[in-house]
Structure formats: C-alpha cells, structure tokens
Amino acid sequence: MKAHDGMYIDGAWRPAAGTDTIEVVNPVDEQVIGRVPAGTAEDVDAAVRAARAAFPAWAATPPAERAARLAALRDILVARKDEIAETVTAELGSPLPFSQAVHAGVPIAVAGSYAELAATYAFEEKVGNSTVYQEPVGVVGAITPWNYPLHQIVAKVAPALAAGCTVVLKPAEDTPLTAQLFAETVAEAGIPAGVFNLVTGLGPVAGQALAEHPDVDLVSFTGSTAVGKRIGATAGAAVKRVALELGGKSANVILPSADLAKAVGVGVANVMSNSGQTCSAWTRMLVHTAQYDEAVELAAAAAEKYGDRIGPVVNAKQQARVRSYIDKGVTEGARLVVGGPESPREQGYFVSPTVFSDVTPEMTIAQEEIFGPVLSIIRYEDEADALRIANGTVYGLAGAVWAGDETEAVAFARRLDTGQVDINGGRFNPLAPFGGYKQSGVGRELGAHGLSEYLQTKSLQF
Ligand code: NAD
C-alpha cells in the first residue's frame with residue numbers, strides 16, 4: 001500500500017503539524033518502503049480534540065448501530081485481507097502465509113467478536129431497587145507495538161468503539177503502514193468522523209504526549225514493561241484509567257505423564273512463530289529430569305527444521321538485542337544446542353532459531369524477555385520444583401501445561417501465577433480474556449472482559 005503523508009483526524013487525512021518523517025524499513029532486505037509523518041504534541045492535541053467532540057454522539061449511538069459499524073469494519077478487513085497480509089509482511093518481515101493466517105486472520109475474528117458483543121452485551125441491568133448502567137469511559141489513548149501490528153490495534157479499537165468510546169491511536173514506529181491501512185478501513189466502514197483518529201510518530205514524542213494528554217480518559221498501552229511502568233505512573237498521578245499489556249516470560253511445563261514429543265514439538269513451534277516476537281511465547285520449556293535429554297534432542301530436531309523458513313526480527317536494534325542475549329546465555333554457562341549469535345544471512349535482520357539446554361532458572365536468558373527465536377530448556381526434579389521455577393520470574397502473562405490427563409494439567413495450571421494457560425495444546429480463543437499477572441500488566445483484552453475495560457459503572461436508585 002501507498003503511505004499517507006498525513007494524520008487521520010476527524011474523518012480525513014490532514015497534514016501533520018511538523019515536517020519530520022519516519023522511514024519504514026523492510027526487515028528482509030533493509031530497503032526503505034515508505035515514510036510516514038512523525039507526529040508532535042500538536043497533532044496529538046488535534047486528534048484528542050476531534051475524539052472529544054465526537055464522543056457524545058457516538059456514546060449515545062444505540063449499541064445495535066455501533067455493532068453494525070463494527071460488522072462493516074470486519075467485512076472490509078475481510079475484503080482487504082490480502083493487502084493487510086502483504087503490508088504486514090513488508091514492514092514486519094513475517095512470511096506471507098503467517099501474515100495471511102494470523103496477522104490478517106486474527107483481527108478479522110476479533111473485530112467480528114466485538115460486532116457481536118456490541119449487539120448482545122448487557123449495558124444495563126437491574127439490581128434490587130437500582131438500575132446499573134455500563135457507560136463508555138470517554139476518549140481512549142491507544143498505544144500499540146509492532147509485533148502483531150493489526151491485532152493489537154483491533155484488540156483495543158474494536159472494544160473501545162463497541163463500548164461507545166472514541167479513540168486516538170499511536171501505533172509503533174516500525175509498523176505504521178498497517179495502522180494507516182486500518183484507518184482507511186474505518187473510514188470505509190462508515191464510522192463517524194472523529195470516532196477513530198490516527199497519529200503516527202515516535203514513542204517518546206507522540207506516544208508520551210498522548211499518555212499525558214489531560215483530555216484522554218483512559219490510556220490503553222501494549223508494549224514493554226519499562227514504558228508501561230512510566231505510563232502507569234503518569235496515569236496514576238492524573239487518576240486516569242489505564243490498561244497495560246506488557247512483557248512475558250512464559251513457561252511451557254511438561255509433566256512426566258505428557259505426550260513428550262507433541263509437547264516439545266508444539267512448544268518449539270510456539271517460540272519460533274513470528275520469529276519469537278510474541279509476548280506470550282513459551283520461551284522457557286520445563287522438563288522433568290528423567291525426560292530431559294530426550295526432550296533436548298526432540299527440541300533440537302524441531303528447531304533445526306525451521307532453519308531458513310523463519311522470518312527476520314523487526315529491526316537492527318532488535319537483532320542486536322537478541323544476539324546479545326544469546327551471547328549472554330553462552331557466557332553464563334547454558335549449552336547452545338541449535339543456532340547461535342551469528343547472523344544466518346548477509347542481508348536482513350535475521351536471527352537463527354536457537355535452543356539452549358542446561359539453562360538454570362536464575363540465568364538472564366531464563367529471566368528476561370528476549371523477544372526473538374530463542375528457547376531455554378530447564379530441568380526440574382519434581383512438581384513443586386517445576387511450580388517454583390515456572391512462577392519464578394517477574395512476569396505472568398501466559399503459559400502451557402501438558403499432562404496425561406486434563407485434570408492433572410488443570411490442577412497444575414491453577415497454581416501458576418499467570419493470566420492465560422493452554423492445556424495440552426489448547427487452541428487460541430478470541431473470546432478468552434488475555435492479560436497479565438504480576439509485571440505482565442493490568443487489565444484484560446479480548447471478549448467481554450476486554451469490553452468491560454472501556455466501560456464505567458453508574459447506578460440509579462428508585
Ligand atoms: P515499546 O514499549 O518500546 O513500544 C510500544 C509502543 O509504545 C510503541 O508504539 C512506542 O512508540 C510507544 N512508546 C515508546 N516509548 C514511549 C513513551 N515514553 N511514552 C509513550 N509511548 C511510548 O515496546 P516494543 O519494543 O515496541 O514492543 C515489544 C514489547 O511489547 C515486548 O516487551 C512485548 O512483550 C510487549 N508486548 C506485550 C503484549 C501483551 O499483550 N502483553 C503484546 C505485544 C507486545
């Protein structure tokens with residue numbers, strides 16, 4: 001798609017206040033594929049004013065009509081899914097089939113789920129002598145990362161619009177073209193002017209201006225824990241609602257009764273998917289000491305098969321960061337089984353699929369989020385040990401448990417300090433609440449729980 005040279009504000013593409021631009025680079029060949037404006041506080045202010053002006057009418061629009069607009073949005077995403085996949089592939093580098101299935105497919109499912117929820121959600125209920133209303137929070141400032149560029153936008157904008165909120169979006173600087181394409185689909189769906197606004201720009205400039213804007217009622221942020229902490233502090237000081245979807249270091253716990261080959265195979269695929277740039281990736285594989293060597297062999301074989309099929313990471317900085325984590329793993333005494341820090345290609349921001357064994361729970365690669373195709377296999381002695389290791393990081397976003405029977409897996413999963421757990425390879429559910437325990441975040445996205453983040457409660461007594 002062709003890059004727009006303006007901001008989408010109040011229903012039209014308008015010139016940016018400043019002249020600075022951001023280059024969009026294809027991570028496969030390092031070529032510049034477009035330029036978008038680098039927004040300033042002035043652009044953010046114009047977008048927030050448009051969102052504020054549009055709020056009363058959109059909040060008063062009957063939920064069935066909001067649902068109809070979201071259904072139209074879903075249909076346009078379906079009609080433009082090839083273009084979406086190609087755009088994500090161009091700016092994120094993910095292989096086209098993955099972009100088609102996941103980067104285009106999941107947002108379509110999520111937009112559809114909110115079209116349905118807007119029509120069916122109980123925005124009003126009777127409690128004794130009271131009527132309780134769920135009302136939209138107001139103007140939402142949405143700040144998103146690049147790793148699932150459209151999904152993260154839709155996971156905020158669709159529930160916000162379903163709730164009756166209006167939105168200003170500041171997308172990641174690496175993937176602004178997908179965000180511009182989304183703004184086009186919003187316009188095509190007949191969503192009224194000002195209900196959705198887009199300001200592209202740098203995090204510390206446009207992102208910060210949006211998070212600090214006094215007329216934003218709720219900041220919904222997905223990204224790193226470091227930035228999330230700052231946004232949480234700013235919002236707290238202003239007594240402003242905040243939703244934070246942050247980092248993760250999820251455990252894939254394979255209990256001795258599990259189907260080992262399946263658990264390891266699915267586990268490796270989970271980590272390599274999207275080149276390891278998934279906040280919920282199961283980057284720590286926990287295996288019982290009696291099955292450890294076999295699991296390492298299985299994981300090595302599975303990872304080797306990825307070889308050249310894996311896409312690059314998003315940019316040179318991420319590539320350097322991931323490679324330095326691999327170096328650190330070696331320095332701290334983990335055993336490199338597959339892959340390593342060398343770049344597998346001369347051009348592009350590629351990192352080899354990498355597997356470490358003999359990883360101990362306190363090593364840096366077992367504690368910090370790497371955000372690349374790197375798996376750490378950790379040994380445990382018994383169930384109590386597995387639980388201690390699994391819960392032994394500051395994060396708690398996701399995880400997996402494998403066991404011979406579901407009851408055993410569920411009993412273990414209930415003791416994990418984490419927001420989402422897949423049991424024996426359970427499938428992604430776009431209606432299941434997603435979000436973190438501990439430093440992985442505050443609040444939930446997706447489904448009815450995701451919708452309620454954008455609502456506030458009023459009760460009338462009779
Ligand atoms: P990041 O925090 O650097 O950037 C995320 C967004 O915040 C971008 O739009 C960026 O421009 C903006 N930003 C940066 N500095 C800002 C500031 N000072 N004020 C306001 N906005 C600012 O993160 P990233 O490197 O783009 O994304 C990777 C991280 O995101 C990983 O840690 C990953 O785990 C996390 N993530 C979490 C989830 C989740 O749902 N929990 C999902 C995807 C990614």
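Residues numbered from 1 in each chain as written. Predicted model: local features only at pLDDT ≥ 70, side-chain atom pairs only at ≥ 80, totals over all residues. Heavy atoms only, no water.

Q: What's the story with the overall build of the protein in this structure? I'm lost.
A: On a plain count of helices and strands, the protein comes out with 15 helices and 20 strands. Over its C-alpha atoms the protein spans a radius of gyration of 22 Å, differing by no more than 12% from the 23 Å that the globule rule assigns to 462 residues. Principal-axis analysis of the C-alpha atoms places the extent of the protein at approximately 65 × 60 × 40 Å. A burial count over the protein gives 56% of its 462 residues as buried. In the protein, the share of contacts with a sequence separation of at least 24, taken over all contacts with a separation of at least 6, comes to 73%. The distance from the centre of the 36 positive side-chain charges to the centre of the 52 negative ones in the protein is 4 Å. (Helix = DSSP H or I, 4+ residues; strand = E, 2+ residues; numbered from the N terminus. Rg over C-alpha atoms; globule rule 2.2 N^0.38 Å. Buried < 20%, exposed > 50% of the residue type's maximum accessible area, 1.4 Å probe, protein only. Contact = heavy atoms within 4.5 Å. Lys, Arg positive; Asp, Glu negative; His and termini not counted. Charge placed at Lys NZ, Arg CZ, Asp CG, Glu CD.)

Q: What is the right way to look at helix α8 (residues 225-237) in this model?
A: Residue pairs spaced three or four apart in an α-helix point in one direction, given the helix's 3.6 residues per turn. With 13 residues, α8 should cover 18 Å at 1.5 Å per step; its first-to-last C-alpha distance of 18 Å lies within 8% of that length. Listing the buried residues of α8 in full gives Thr 225, Gly 228, Ile 231 and Ala 235. For α8, the buried positions fall inside an angular range of 120° around the axis, keeping them on one side. Facing away from the buried side of α8, by more than 90 degrees, are the exposed residues Ala 226, Arg 230 and Ala 237. At its buried positions, α8 is contacted by β7 (139-143), α7 (203-212), β10 (218-222) and β11 (241-245). Looking at the residues trailing α8, positive phi occurs at Val 239, about 50°. (Expected span 1.5 Å × (residues − 1). Arc of directions from axis to C-beta.)

Q: How do you make sense of the UniProt feature "domain: Aldehyde dehydrogenase" (unreviewed entry) in the protein when you look at a structure like this?
A: Under the UniProt annotation, the feature "domain: Aldehyde dehydrogenase" (unreviewed entry) is placed at residues 13-459. With 44% helix and 19% strand, the stretch residues 13-459 has end C-alpha atoms that lie 40 Å from each other. (UniProt positions renumbered as here; feature names shortened; annotations may be inferred.)

Q: What should I look at first to understand the site of the ligand in this one?
A: Taken together, 29 residues surround the ligand, and among them Lys 170, Glu 173, Ser 224, Leu 246 and Glu 369 come closest. Here Thr 144 contributes a backbone N or O atom positioned 2.7 Å from an oxygen atom of the ligand. Between the ligand and Glu 369 there is a distance of 2.6 Å, counted from an oxygen atom to a side-chain nitrogen or oxygen. Here the ligand has 840 Å² of accessible area as a free molecule, and 89% of this is covered by the chains. In terms of residue class, the shell around the ligand is built from 14 nonpolar, ten polar and five charged. When residues of the shell around the ligand are assigned to domains, at least three map to each of domain 1 (6-246 + 439-461) and domain 2 (251-429). (Near = heavy atom within 4 Å. Polar contact = N/O pair within 3.5 Å; in protein donor to acceptor, adjacent residues only side chain to side chain. Areas by Shrake-Rupley, 256 points an atom, 1.4 Å probe, with all protein chains shown as cover. Nonpolar A, V, L, I, M, F, W, Y, C, P; charged D, E, K, R; others polar. Domains from an automatic or database assignment.)

Q: Any chance you could explain the sheet that holds strand β5 (residues 124-127) here in plain terms?
A: Backbone hydrogen bonds are what pair the strands of a sheet, in a parallel or an antiparallel way. Judged by pairing direction, the sheet is antiparallel, and its three strands sit side by side in the order β5-β6-β20 without closing on themselves. The open sheet has two edge strands, β5 and β20 (455-461), and neither has a second partner. Across the sheet, the mean angle separating the axes of adjacent strands is 25° when strand polarity is ignored. As paired elements, strand β6 (residues 130-136) and β20 share seven bridges and run antiparallel to each other. Residue Pro 136 lies in a different strand from β20, and its bridge partner there is Leu 455. (Pairing = 2+ DSSP bridges. Axes fitted to C-alpha atoms, helices over the stretch in contact; angles between N-to-C directions.)

Q: In this structure, what is going on with the domain arrangement of the protein? I would like to understand it.
A: Where the parts come together, the accessible area they lose is often given as the size of the interface. With domains assigned, the protein is organised as domain 1 (6-246 + 439-461) and domain 2 (251-429). Here the C-alpha centre of domain 2 lies 30 Å away from the C-alpha centre of domain 1. Roughly 1,900 Å² is buried in total at the junction of domain 1 and domain 2, and carbon and sulfur atoms are behind 57% of that figure. Here domain 1 is connected to domain 2 by zero salt bridges. (Buried area = accessible area lost by both parts, 1.4 Å probe. Salt bridge = Lys/Arg side-chain N within 4 Å of Asp/Glu carboxyl O.)

Q: I keep staring at the environment of Glu 408 and nothing clicks. Help me out?
A: Within the element layout of this structure, Glu 408 appears in helix α14 (residues 406-413). Take Glu 408: its relative accessible area is 26%, and that puts it in the partly exposed class. Ignoring anything within four residues of it in the chain, the contact list for Glu 408 reads Leu 255, Ser 257, Glu 383 and Ala 403.

Q: Where do I start with the packing of helix α2 (residues 63-79) against helix α5 (residues 149-163) in this structure?
A: Packed helices, taken two at a time, are described by their axes: the angle between them and the distance between them. Orientation of α2 relative to α5, taken along the N-to-C sense of each, is 160°, at an axis distance of 9 Å. With respect to α5, the axis of α2 lies roughly antiparallel. Crossing angle aside, the handedness with which α2 passes α5 is right-handed. Residues Arg 66, Leu 70 and Leu 77 of α2 form the contact with α5, whose own contacting residues are Leu 150, Ala 158, Leu 161, Ala 162 and Ala 163. Taken together, the residues that form the contact of α2 with α5 break down as seven nonpolar, no polar and one charged. (Parallel < 35°, antiparallel > 145°, perpendicular 65-115°, else oblique. Left-handed = near helix turned anticlockwise from the far one by under 90°.)

Q: I'm lost on α14 in this one. Help?
A: When α14 is considered as a whole, its buried residues turn out to be Ala 409, Phe 412 and Ala 413. For α14, the angular spread of the buried residues around the axis is 100°, confining them to a single face. For α14, the capping residue at the N-terminal end is Asp 405, with a side-chain oxygen 3.0 Å from the backbone nitrogen of Thr 407.

Q: How do you make sense of the pairing of strand β4 (residues 32-37) when you look at a structure like this?
A: The side chains of a regular strand alternate between both faces of the sheet. Bridge analysis of strand β3 (residues 21-25) against β4 gives five bridges, and the strand direction is antiparallel. Within β4, the residue paired with Ile 22 across the bridge is Val 36. Here β3 hands over to β4 after six residues, with Glu 30 in that stretch at a positive phi of 65°.

Q: Please explain the nonpolar core as it appears in this structure.
A: Side chains of a nonpolar character, in soluble globular proteins, are inclined to be buried together. In this structure, Leu 70, Phe 182 and Phe 196 are the most contacted members of the largest nonpolar core, which totals 61 residues. With ten residues, the single largest contributor to this core is α5. Formed jointly, this core draws a minimum of three residues from each of two domains, domain 1 (6-246 + 439-461) and domain 2 (251-429). Ignoring anything within four residues of it in the chain, the contact list for Leu 70 reads Ala 111, Tyr 114, Ala 115, Ala 118, Ala 158, Leu 161 and Ala 162. If you look at the next biggest cluster of nonpolar residues, it comprises 30 residues, including Val 253, Leu 286, Phe 356 and Leu 387. (Core = buried A, V, L, I, M, F, W, Y, C linked by side-chain atoms within 4.5 Å.)

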